[in-house]
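Coordinate inspection notes
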There are 2 protein chains.
Amino acid sequence: MIYLDNAATTYPKPEIVYKELDRANRNAFNTGRGSYKPAREASIIKENVRKKILELNNINKGNVVFTSSATSSLNDIIFGINLKKGDCVYVSPFEHNSIIRPLEELKKRIQITIKVLPFNNKTWKLDIEKTKDLFILNNPAAIFISQVSNVTGYLLPYNEVFELGKTYNSINILDASQGYGIVKINDYSNINYIVFAGHKSLYASFGVAGYIKLKDDIIKPNIFGGTGSDTMNPNMPCSFPEGYEAGSPNIVAISSLNVSIDWLNQVKVFEHESNLTMYLIEQLSSIKGVNVYAPDDLSKIFGVVSFSVDKYTSEDVGKILDEEFDICVRTGFHCAPLIHEFIGSLEYGGTVRVGLNYFNNKDDIDTLINALNSL
Amino acid sequence: MIYLDNAATTYPKPEIVYKELDRANRNAFNTGRGSYKPAREASIIKENVRKKILELNNINKGNVVFTSSATSSLNDIIFGINLKKGDCVYVSPFEHNSIIRPLEELKKRIQITIKVLPFNNKTWKLDIEKTKDLFILNNPAAIFISQVSNVTGYLLPYNEVFELGKTYNSINILDASQGYGIVKINDYSNINYIVFAGHKSLYASFGVAGYIKLKDDIIKPNIFGGTGSDTMNPNMPCSFPEGYEAGSPNIVAISSLNVSIDWLNQVKVFEHESNLTMYLIEQLSSIKGVNVYAPDDLSKIFGVVSFSVDKYTSEDVGKILDEEFDICVRTGFHCAPLIHEFIGSLEYGGTVRVGLNYFNNKDDIDTLINALNSL
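All values derive from a computational prediction rather than experimental measurement.

A closer look at the overall build of chain A
When helices and strands are counted, chain A shows 11 helices and 13 strands. At 21 Å, chain A has a C-alpha radius of gyration in line with the 21 Å of a compact globule built from 375 residues. Seen through its C-alpha atoms, chain A measures out along the principal axes to roughly 65 × 55 × 35 Å. Taken over 375 residues, chain A has a buried fraction of 64%. Looking at chain A as shown, the accessible area adds up to about 13,800 Å², and 48% of this sits on carbon and sulfur atoms. In chain A, the 37 positive side-chain charges and the 42 negative ones have mean positions that sit 6 Å from each other.

Listed below in structure tokens is the structure:
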């Protein structure tokens, strides 16, 4: 089997992650809720992982909140930041339903406006002048941008938009689910929240994700329950992280992050995946009838490549690759509703998506290319 | 180490659960989002576990929704069922902050009324006549009751209250986090939702919990995001379970449920824990200065026993048991804010709580009793 669906979840994980998961499962106590030794030890691991999450991107100061998924993180942020009736929020056309759907819900509840940032669908560049005009007409209350598109691997120019947004005091949210820990965030000075997903670019297990709160804007809790402290208070305590992590923490998944981050610090994932990405695009582009969805500047694509094949639906391509070649790709719309009209993949029922990881190699790509050549 | 904090999380799990977790981690794909073989196989496991959850309590028909924790399940239910301004909801005095805090939040948002059901604090019996009077004055829109109290192990008379509530069409929610799969729910005809927690009575891992929806009342989604389907729809699809499970499912944790339920079907957990509970209460009651928090009818206590020790705070007892005897118990308020005034444990700073499981034996209890005798 050749696994090329790493944008859904990275597979395999490093062997030390599996070993740590086994150890952690066999020593899984409820952290922060017991006064005995193994519970205290588990709490220490949890607090260490918060530090490691920050260090991974050289972030000096920030509150790390663990959630069960990037979707939960984005819900907690969208419903927690103080958006009010009449506010205008901006999203890029590359955003995922974990941003679009909670915003649409908020729109129904309190009548916010959701606007799509103007990207040129030939060059994929942001039209900064148009953005300035839009922001003047409708001041941004919040801006949501992905670091790496989950459909196209596009590295979005988030800092440009966030910097402009900051002149209006907008709350800037970077969805780094696809890249945190691998794709560096060089300038985080304009970011309020960074969202990460443990089981994707961080090579840890399902069950842990979170966000980093970088500024002192106010966020209300979005999930209410036991915090193992301040029990008699009927309200959630407003302190970090307790007030934002109701329920038993998933110490097993957090422990897997503990070792996967160490591993990420030792290997060159970015370089390896960058090289493979370029090789993949080059090879795909050489096949007649294959349409690669990428801008001219290929250096802006990382880790994920989408394409379609003339005369085939994307679903059919995926089925053939699975059934005849034992190659796992993902096909369809990838939970990103706005991007397919933008790139022109609607007529194929979405794209065929290849998601790469550190364990893929050129042979995997050659096998895929041979398979596609035989169509 | 003697582990007696099984009400926080069961430890250890059966060996087959650890083995399955290792297998599942090494084969963790994103279910329902890929068209390739291993993703399809993972989806089959997920759907099988839904069936097993129902079968475990001989439930013929119900929708099983997976969430990441019982706290999430309760938030999803409380914010999802259609509570309106002016509605009156009832809770027992035994309820956890995963019920109390979301209800208090809802009270602030839409002005619901929260009332505590009248239990007699000597006999711990529900005053059914007073309940009837309360219901006449303030019709119940929803009723929240635990199956097993997480502080005292008390088996609550939920069916009496739910039956009465049904005459007012109340939405009845049973929090079975502490007992699902072990303590049978003999009559579920008056229940709308049953909440379960994978890592507690179900002997599975952290990261999976859920609820069973038994009736056709309407529940709105409470978490919004990708569902792997219907991508172009900016709203959550209203179908079960997709519309209520946004984000990547934790297939690893779900897989652990797959084997832990098989195990539960083979061993006599209820009988074993019942016997141990009786032995524990008996032994504790024989120690001078130990106050056991239990009603006269001891058959109503299961798996969890709370006590305090004269002249000690509960925290101090826990510390001594940990440091001098390597015994893990939990002390304090256990995230249940109403029960301590009811049972009279406020002056001790809450209770010392012993939570038993299938792997405990009489020797564990004897060691605890010897330690307490030496105080």
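Points about the side chain of T67(A)
Residue and element names in this part refer to chain A. Within the fold, T67 resides in strand β2 (residues 63–67). Look at T67 and you get buried, because its relative accessible area is 10%. Not counting residues within four places of it along the chain, the set of residues in contact with T67 comprises S72, S73, D76, G207, V208, A209, G210 and Y211.

Topic: the nonpolar core
If you look at the biggest cluster of nonpolar residues, it comprises 82 residues, and the most contacted ones within it are I53(A), Y180(A) and I212(A). Looking at this core, you find at least three residues from each of domain 1 (2–10 + 267–373) and domain 2 (15–265) of chain A. The contact partners of I53(A), leaving out residues within four places of it in the chain, are V64(A), Y180(A), F196(A), L202(A), I212(A), L257(A) and I261(A). If you look at the next biggest cluster of nonpolar residues, it comprises 81 residues, including L276(B), L280(B), A336(B) and I343(B).

Focus on helix α7 (residues 251–266) of chain A
The end-to-end C-alpha distance of α7(A), which contains 16 residues, comes to 23 Å, matching closely the 22 Å that a straight helix rising 1.5 Å per residue would cover. Across the 16 residues of α7(A), 13 count as buried, placing the element largely inside the fold.

As for the interface of chain B and chain A
The extent of an interface is frequently quoted as the accessible surface area lost upon association of the parts. Contact residues are listed per partner, giving 75 residues for chain B and 75 residues for chain A. Here chain B packs against chain A, burying approximately 5,900 Å² in sum over the two surfaces, 57% of which is carbon and sulfur. For chain B, the biggest contributors to the area lost against chain A are R101(B), F206(B) and F224(B); these three give 14% of the whole. Between the two partners, chain B and chain A, sit four salt bridges. Between R40(A) and D322(B) there is a salt bridge, with the nearest N and O atoms lying 3.1 Å from each other. Linking chain B with chain A are 27 residue pairs in polar contact (both at pLDDT 80 or more). A total of eight residues in the side of chain B that touches chain A trace back to one element, the largest contributor, which is helix α4 (residues 97–110) of chain B. In the side of chain B that touches chain A, the residues fall into 30 nonpolar, 30 polar and 15 charged.

Description of the domain arrangement of chain A
All names here are of chain A. Domain assignment breaks chain A into domain 1 (2–10 + 267–373) and domain 2 (15–265). Opposite the 33 residues of domain 1 that make contact, domain 2 presents 33 residues. When domain 1 packs against domain 2, the two sides together hide about 2,700 Å² of surface, and 64% of this comes from carbon and sulfur. It is F302, L338 and F342 that lose the most area in domain 1 upon contact with domain 2, and together they represent 23% of the buried surface on that side. Counting the contacts that link domain 1 with domain 2 gives zero salt bridges. Summed over the shared surface of domain 1 and domain 2, the result is 16 residue pairs in polar contact (both at pLDDT 80 or more). Residue assignment for the side of domain 1 that touches domain 2 shows that the elements contributing at least two residues are α8 (269–285), β10 (304–309), α10 (339–343) and β13 (351–355). In terms of residue count, the dominant contributor to the side of domain 1 that touches domain 2 is α10 (four residues). Looking at the side of domain 1 that touches domain 2 residue by residue, the class counts come to 22 nonpolar, eight polar and three charged.

Some words on the relation of the copies chain B and chain A
When chain B is fitted to chain A, the best match, at an RMSD of 0.0 Å, comes from turning it 180° and sliding it 0.0 Å along the axis. Here the two chains are linked by the operation of a two-fold rotation axis. A share of 100% of interface residues in chain B that are also interface residues in chain A marks the association as one of identical surfaces.

As for the pairing of strand β3 (residues 88–91) of chain A
Residue and element names in this part refer to chain A. Burial along β3 is two-sided: the face carrying C88 and Y90 and the face carrying V89 and V91 are both buried. Across four bridges, β3 lies against strand β5 (residues 140–146) in parallel orientation. For V91, the partnering residue across the bridge sits in β5 and is F144.

Some thoughts on the packing of aromatic side chains
To describe a pair of aromatic rings, you give the distance between the ring centres and the angle between the ring planes. Taken as a whole, this structure holds 46 aromatic pairs over all chains when the rule is applied. Aromatic pair Y358(A) and F359(A): ring centres 5.5 Å apart, planes at 85°, arrangement edge-to-face. Judged by its relative accessible area of 26%, Y358(A) is partly exposed. Between Y203(B) and W263(B), the ring centres sit 4.9 Å apart and the planes meet at 55°, which makes this aromatic pair tilted. Note that Y203(B) is positioned in the loop between β7 (193–197) and β8 (209–213) and W263(B) in helix α7 (residues 251–266), a separation of 60 residues in sequence. No difference in accessibility class separates Y203(B) from W263(B), as the two residues are buried. An aromatic cluster is defined as three or more aromatic residues linked by ring pairs; in this entry it consists of F94(A), F119(A), W124(A), Y154(A) and F342(A). Cation over ring: K362(A) sits above Y279(A), and NZ or CZ is 4.6 Å from the ring centre.

Focus: the packing of helix α5 (residues 128–137) of chain A against helix α6 (residues 158–166) of chain A
Residue and element names in this part refer to chain A. One can describe the packing of α5 onto α6 by two numbers: an axis separation of 11 Å at closest approach and a directional angle of 30°. Judged by the inter-axis angle, α5 sits roughly parallel to α6. Every pair of crossing elements has a handedness; the one defined by α5 and α6 is right-handed. Judged by residue contacts, I128, T131, K132 and F135 of α5 engage E160, V161, L164 and G165 from α6. Its residues assigned to classes, the contact of α5 with α6 shows four nonpolar, two polar and two charged.

Things to note about the sheet that holds strand β6 (residues 171–175) of chain B
All names here are of chain B. Sheet architecture is open: seven strands sit in the order β2-β8-β7-β6-β5-β3-β4, paired in mixed fashion. Each edge of the open sheet is held by one strand with a lone partner, namely β2 (63–67) and β4 (113–116). Sheet twist, expressed as the mean angle between neighbouring strand axes with direction ignored, is 20°. Note: β7 against β8, five bridges, orientation antiparallel. Note on β8: the bridge partner recorded for V195 is Y211. Running over the sheet, helix α6 (residues 158–166) touches β5 (140–146) and β6 and is turned about 170° from β5.

Looking at the environment of P12(B)
Residues and elements named next belong to chain B. Positionally, P12 belongs in the loop between β1 (2–3) and α1 (15–25). Taking relative accessible area as the criterion, P12 reaches 28% and is therefore assigned partly exposed. Expressed as a C-alpha distance, the spacing of P12 and Y358, which sit 346 residues apart in the sequence, is 9.2 Å.

Reading the values: rules and limits
- Residues numbered from 1 in each chain as written.
- Chains lettered and ligands numbered in written order.
- Predicted model: local features only at pLDDT ≥ 70, side-chain atom pairs only at ≥ 80, totals over all residues.
- Heavy atoms only, no water.
- Helix = DSSP H or I, 4+ residues; strand = E, 2+ residues; numbered from the N terminus.
- Rg over C-alpha atoms; globule rule 2.2 N^0.38 Å.
- Buried < 20%, exposed > 50% of the residue type's maximum accessible area, 1.4 Å probe, protein only.
- Areas by Shrake-Rupley, 256 points an atom, 1.4 Å probe, with all protein chains shown as cover.
- Lys, Arg positive; Asp, Glu negative; His and termini not counted.
- Charge placed at Lys NZ, Arg CZ, Asp CG, Glu CD.
- Contact = heavy atoms within 4.5 Å.
- Core = buried A, V, L, I, M, F, W, Y, C linked by side-chain atoms within 4.5 Å.
- Domains from an automatic or database assignment.
- Expected span 1.5 Å × (residues − 1).
- Buried area = accessible area lost by both parts, 1.4 Å probe.
- Salt bridge = Lys/Arg side-chain N within 4 Å of Asp/Glu carboxyl O.
- Polar contact = N/O pair within 3.5 Å; in protein donor to acceptor, adjacent residues only side chain to side chain.
- Nonpolar A, V, L, I, M, F, W, Y, C, P; charged D, E, K, R; others polar.
- Least-squares fit on C-alpha atoms with pLDDT ≥ 70 in both.
- Pairing = 2+ DSSP bridges.
- Phe/Tyr/Trp six-rings, centres within 6.5 Å; stacked < 30°, edge-to-face > 60°.
- Lys NZ or Arg CZ within 6 Å of the ring centre and 35° of its normal.
- Axes fitted to C-alpha atoms, helices over the stretch in contact; angles between N-to-C directions.
- Parallel < 35°, antiparallel > 145°, perpendicular 65-115°, else oblique.
- Left-handed = near helix turned anticlockwise from the far one by under 90°.

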